[in-house]
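What follows is each chain in one-letter form.
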Amino acid sequence: MKLKCISCSREYPIDEMIYYCKSCNDLLEVVYDTSEFEKKASSSDWRRLPLSVWRYHPFLPFKDGATRIALNEGGTGLHKCERLAAFLGLKTIHIKNEGENPTGSFKDRGMTVGVSKALELGVSWVICASTGNTSASLAAYAARAGLKRIVLIPSGKVAYGKLAQAMMCGAQVVQVKGNFDEALEMVMDLAERYKDVYLLNSVNPFRLEGQKTLAFEVCEQLGHVPDWIVVPVGNAGNISAIWKGLQESKSLGYISKLPRMVGVQAAGAAPIAEAFEKGSSEIKFIEKPETIATAIRIGAPQSWKKALKAIHESNGLATKVTDEEILSAQGSMAKLEGIFVEPASATPVAAAKNLIRNGTIKKDDEVVCVATGHGLKDPDVITKFFEKPIEVEADIKALEHILGLS
Ligand code: F0G
């Protein structure tokens, strides 16, 4: 088990506190020998544990007996959605509802691993820049670990539910007069300067180790591999993590084929989708990203190289959806299936709708959409863009009239 640069392959010990390659400055990933996995898996009872991130402990970068900072993350529902499938013109569609995690987003999968690692490294502080969900998750897990916590967020651009979570869980919340990309630059600088501060954005390779467990889970829940896995893309860590999990599952012989990955961005913040559409292997960052899906309002995704690799290797694609399409998909998921997600998390269903219409996804294809965060995170968007409740006098006749009963 070691850290390895994704560009020049330079290797580092697993316990070195490092985020970028010292030779070429590119991102790192955790690499294992398959035999290492097999040895750990065969000497443990992991298959008897309930679905959760830690069920997959033989495939996570810890020694046996390491302290785990956990709140019951992972093991989220994979919901078969027949009404939504019929609406989209598909035979079946599944929603992997990551809003069921302890702080209401998929970030908890990464944070349980990242904060456990922070304890092992012996730091006092953990820090991140965030569009909201990472900050909520970091604050909760750091509280549980007794670590000091700082989060930087773009001023005025974080949904209130998320901000409330970070504040309540005792993070020092700093609003930056700039966007997420600028806040991320600042925390990366700080983590470089102060060795007692551990950076927990998804450039941290341990975060992605936790997030890869979604791939293991989906294949176990379905009993096979779907044709497509559709994922919202912001900083591009999650799609990279899911792809890593799928590849590791395959190398272990747990699955025999791989799905095609679809990365979905909001039209006003879509540098990866635009690079893919142009057939370019480089991306052009967007200076002023804009979308109502504030979770993915990101113009300079750090893990873009990992994400494009996942998309190309899987014979998948990257695509973008408009804010109108996002709101419409958010409404369909809630009204047809009772699955209430935040706007960013509706982008996969919005994209699936377009891809079915243009024939890329076929009627019989099996599709899994990853719903990354709970709808309660962002109540403002509902009061702003959806129908308001009606009001009546406190009188039965008025009620009957309004309901069309008289
Ligand atoms: N969906 C939601 C709800 C998110 O909060 C994020 C990212 C994504 C999708 C995209 O995931 O960055 O791995 O491609 N939110 C980060 C944050 C940036 O700070 O909470 P990604």
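Above this note sits the structure.
The rules behind these values
- Counting of residues starts from 1 at the beginning of each chain's written sequence and follows it residue by residue.
- Thresholds applied to this predicted model are a pLDDT of at least 70 for local features of residues and 80 or more for the giving and counting of side-chain atom pairs; totals over whole chains, interfaces and linings are not thresholded and use all residues.
- Only hydrogens and water are set aside; all other atoms, that is, all heavy atoms of the structure, feed into the side-chain values.
- Comment: elements are numbered from the N terminus, with helices defined as DSSP H or I runs of at least four residues and strands as E runs of at least two.
- Computation of the radius of gyration draws on C-alpha atoms alone. For the globule rule, the value is 2.2 Å times the number of residues to the power 0.38.
- Using a 1.4 Å probe on the protein chains alone, a residue whose accessible area is under 20% of its type maximum counts as buried, one over 50% counts as exposed, and one in between counts as partly exposed.
- Throughout, a residue-residue contact means that at least one pair of heavy atoms, one from each residue, lies within 4.5 Å.
- Proximity is defined per residue: if any heavy atom of the residue lies within 4 Å of a molecule or strand, that residue is considered near it.
- Under the rule applied, a polar contact is a pair of N or O atoms within 3.5 Å (in protein, one hydrogen donor and one hydrogen acceptor; residues adjacent in sequence only if both atoms are side-chain atoms).
- Per-residue and other accessible areas were derived by the Shrake-Rupley procedure at a 1.4 Å probe size, with only the shown protein chains allowed to occlude residues.
- Strand pairing is assigned whenever DSSP detects at least two bridges linking the two strands.
- Here an angle of 0 to 180 degrees is reported between the N-to-C directions of two axes, which are lines fitted to C-alpha atoms, with helices fitted over the stretch in contact.
- With strands facing away from the observer, any crossover in which the path from the first strand over the helix to the second runs clockwise is taken as right-handed.
- In this text, buried Ala, Val, Leu, Ile, Met, Phe, Trp, Tyr and Cys residues form a nonpolar core when linked through side-chain atoms within 4.5 Å.
- When the centres of two rings from Phe, Tyr and Trp lie within 6.5 Å, Trp using its six-membered ring, the rings pair. Their planes under 30 degrees apart give stacked, over 60 give edge-to-face, and anything left gives tilted.

Novice: Where do I start with the overall build of the protein chain in this structure?
Specialist: Within the protein chain, the regular secondary structure consists of 15 helices and 13 strands. Since a compact globule built from 406 residues should have a radius of gyration of about 22 Å, the 21 Å found for the protein chain is in line with a globular shape. C-alpha atoms of the protein chain, sized along the principal axes, occupy 75 × 45 × 45 Å. Residue burial in the protein chain is summarised as follows: out of 406 residues, 57% are buried. The long-range share in the protein chain, meaning contacts at least 24 apart out of those at least 6 apart in sequence, stands at 69%.

Novice: Looking at this structure, how should I read the site of the ligand?
Specialist: Looking at the ligand, there are 21 residues lining it, with Ser 130, Thr 134, Asn 235, Ala 236 and Thr 372 nearest. Between the ligand and the protein, one listed contact pairs an oxygen atom with a backbone N or O atom of Thr 131 at 2.8 Å. The contact in question runs from a nitrogen atom of the ligand to an N or O atom on the side chain of Thr 372, over 2.6 Å. Its free accessible area being 470 Å², the ligand has 99% of it covered by the protein chains. Elements represented by at least two residues in the shell around the ligand include exactly helix H4 (133–145) and helix H9 (237–251).

Novice: What is the right way to look at the environment of Leu 199 in this model?
Specialist: With respect to the secondary-structure elements, Leu 199 resides in strand E9 (residues 197–199). Looking at Leu 199, the relative accessible area reads 1%, which means it is buried. As a C-alpha pair, Leu 199 and Leu 184 span 15 residues in sequence and 9.9 Å in three-dimensional space. Discounting residues that sit within four places of it in the chain, Leu 199 has contacts with Tyr 19, Ile 127, Cys 128, Val 187, Met 188, Ala 191 and Asn 204.

Novice: How do you make sense of the sheet that holds strand E7 (residues 148–154) when you look at a structure like this?
Specialist: Strands pair in a sheet through their backbones, by hydrogen bonds, and they do so in one of two ways: parallel or antiparallel. With parallel pairing, the four strands of this open sheet are ordered in space as E8-E7-E6-E9. Across the chains shown, the open sheet's two edge strands, defined by having one partner strand only, are strand E8 (172–176) and E9. Going from strand to strand, the sheet's axes swing by 25° on average, the running direction of each strand aside. By the bridge criterion, three bridges tie strand E6 (residues 125–129) to E9 in an arrangement that is parallel.

Novice: Would you explain the pairing of E7 in this entry?
Specialist: In regular strands, side chains alternate between the two faces of the sheet. The buried count for E7 comes to six of seven residues, which makes it a mostly enclosed element. Across five bridges, the pairing between E6 and E7 is parallel. Across the sheet, residue Ile 127 finds its bridge partner in E7, namely Ile 150. For the handedness criterion, the β-α-β arrangement of E6, H4 and E7 is classed as right-handed. Bridge analysis of E7 against E8 gives five bridges, and the strand direction is parallel. If you follow Leu 152 over to E8, its bridge partner there is Val 174. Where the polypeptide runs from E7 across helix H5 (residues 160–168) and back to E8, its parallel neighbour, the crossover connection is right-handed.

Novice: How should the pairing of strand E5 (residues 92–97) be read in this particular structure?
Specialist: Counting buried residues along E5, six of its six residues qualify, which places the element largely inside the surrounding structure. Residues Thr 92, His 94 and Lys 96 point to one face of E5 and Ile 93, Ile 95 and Asn 97 to the other, with burial holding for every one of them. Pairing of E5 with strand E13 (residues 366–371) involves six bridges; the strand directions are parallel. Each bridged residue has a counterpart across the sheet, and for Lys 96 the counterpart in E13 is Val 370.

Novice: Help me understand the sheet that holds strand E2 (residues 11–13), please; the structure alone is not making it clear to me.
Specialist: Judged by pairing direction, the sheet is antiparallel, and its three strands sit side by side in the order E2-E1-E3 without closing on themselves. Two strands in the sheet have a free side with no partner beyond their single neighbour: E2 and strand E3 (28–31). With direction set aside, neighbouring strand axes in the sheet form an average angle of 35°.

Novice: Which parts of the structure should I look at to understand the nonpolar core?
Specialist: The tendency in soluble globular proteins is for nonpolar side chains to be buried as a group. Phe 59, Val 115, Val 126, Tyr 198 and Leu 199 are the most contacted members of the largest nonpolar core, which totals 59 residues. Not counting residues within four places of it along the chain, the set of residues in contact with Phe 59 comprises Tyr 32, Phe 37, Ala 41, Trp 46, Glu 209, Lys 212, Phe 216, Leu 252 and Tyr 254.

Novice: How do you make sense of the side chain of Thr 319 when you look at a structure like this?
Specialist: Tracing the sequence through the fold places Thr 319 in strand E12 (residues 317–321). Residue classification places Thr 319 among the buried positions, given a relative accessible area of 15%. For Thr 319, the residues in contact, after removing those within four places along its chain, are Val 262, Gly 263, Val 264, Gln 265, Ala 273, Glu 277 and Ala 351.

Novice: How do you make sense of the packing of aromatic side chains when you look at a structure like this?
Specialist: The relation between two aromatic rings is expressed through the spacing of the ring centres and the mutual angle of the planes. Per the stated rule, a full pass over the model turns up ten aromatic pairs. The interplanar angle of 50° and the centroid separation of 5.9 Å between the aromatic rings of Trp 46 and Tyr 56 together place this pair among those described as tilted. Of this pair, Trp 46 sits in the loop between helix H1 (34–42) and strand E4 (78–80) while Tyr 56 sits in the loop between H1 and E4; the two residues are ten residues apart in sequence, bridging distant segments of the chain. Classification of Trp 46 as buried rests on a relative accessible area of 4%. Relative to Phe 216, the ring of Phe 59 lies with its centre 5.2 Å away and its plane at 20°, an arrangement referred to as stacked. With a gap of 157 residues between them, Phe 59 in the loop between H1 and E4 and Phe 216 in helix H8 (residues 213–222) connect regions that are remote in the sequence. Overall, the relative accessible area of 0% leaves Phe 59 in the buried class.

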